[in-house]
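Letter by letter, the chains look like this.
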Amino acid sequence: MRNLVSFFFLLFFLNSAFAQDKDDAHLKEKIYNENKAKVLNFSMKDFDRLFFEFSNKKATTNLILTKEEFYRYTIQIAVFSDRLGVLYPEQKEMAEASKKKWFAESYEDYLLSKQSQR
């Protein structure tokens, strides 16, 4: 009986984790599509403002971004990597790696990092 309960708990946990990843992927894709044209036209000054605003908000211990706010920053940073890949073709691989890194950012990891700041 105990093993059966453990099995169902594990099954529930894995199902929840996969569902959350799927929901996050949909949200990231939605934000990417909504912001792609705008961010591809960013100047370096616009990007710097975005990046430092995000960094400051992440570092502020008493501020917790919503999931959508968090992903709006990370996905916009990822989109700017596309722009850098076009502007600097010799650095296209590095820009693609940066884009993947920012797309892979996890809201759950962000929340855990916020807990450790306290």
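Note that this is a predicted model, so its numbers are computed, not measured. (Residues numbered from 1 in each chain as written. Predicted model: local features only at pLDDT ≥ 70, side-chain atom pairs only at ≥ 80, totals over all residues. Heavy atoms only, no water.)

Peer 1: So what exactly am I meant to see when it comes to the packing of helix α2 (residues 44-59) against helix α3 (residues 67-87) here?
Peer 2: When two helices pack together, their arrangement is given by the angle between the helix axes and the distance between those axes. In contact at an axis separation of 10 Å, α2 and α3 are set at 145° when each is read in the N-to-C sense. Between α2 and α3 the crossing geometry is left-handed. The segment α2 lies against α3, with Met44, Phe47, Leu50, Phe51, Glu53, Phe54 and Lys57 engaging Phe70, Tyr73, Thr74, Gln76, Ile77 and Phe80. Taken together, the residues of the contact of α2 with α3 break down into nine nonpolar, two polar and two charged. (Axes fitted to C-alpha atoms, helices over the stretch in contact; angles between N-to-C directions. Helix = DSSP H or I, 4+ residues; strand = E, 2+ residues; numbered from the N terminus. Left-handed = near helix turned anticlockwise from the far one by under 90°. Contact = heavy atoms within 4.5 Å. Nonpolar A, V, L, I, M, F, W, Y, C, P; charged D, E, K, R; others polar.)

Peer 1: Hey, could you run me through the nonpolar core in this one?
Peer 2: A general tendency of soluble globular proteins is for nonpolar side chains to be buried together. Residues Phe54, Leu65, Phe70, Tyr71, Ile75 and Ile77 are the most contacted members of the largest nonpolar core, which totals 20 residues. Contributing elements (two or more residues each) for this core: α1 (2-40), α2, α3 and α5 (107-117). Not counting residues within four places of it along the chain, the set of residues in contact with Ile77 comprises Phe47, Leu50, Phe51, Phe54 and Trp102. (Core = buried A, V, L, I, M, F, W, Y, C linked by side-chain atoms within 4.5 Å. Buried < 20%, exposed > 50% of the residue type's maximum accessible area, 1.4 Å probe, protein only.)

Peer 1: I keep staring at the packing of α3 against helix α4 (residues 92-103) and nothing clicks. Help me out?
Peer 2: Remark: α3 packs on α4, axes separated minimally by 8 Å, with the N-to-C direction vectors making an angle of 170°. As far as their axial angle goes, α4 and α3 are roughly antiparallel. Where α3 approaches α4, its residues Thr74, Ile75, Ile77, Ala78, Ser81, Asp82, Leu84 and Gly85 are matched on the opposing element by Lys92, Ala95, Ser98, Lys99, Trp102 and Phe103. Of the residues belonging to the contact of α3 with α4, the class tally is seven nonpolar, four polar and three charged. (Parallel < 35°, antiparallel > 145°, perpendicular 65-115°, else oblique.)

Peer 1: It is not clear to me how α4 should be interpreted in this structure. Could you clarify?
Peer 2: Each α-helix winds once per 3.6 residues, and so residues spaced three or four apart point in a common direction. Across its twelve residues, α4 extends 16 Å between first and last C-alpha, which sits within 8% of the 16 Å expected from 1.5 Å per residue. Within α4 the residues assigned to the buried category are Ala95, Lys99 and Trp102. One side of α4 carries all its buried residues, which in axial view fall inside an arc of 70°. Facing away from the buried side of α4, by more than 90 degrees, are the exposed residues Glu93, Met94 and Lys100. (Expected span 1.5 Å × (residues − 1). Arc of directions from axis to C-beta.)

Function cannot be read off these values alone, since they describe shape.
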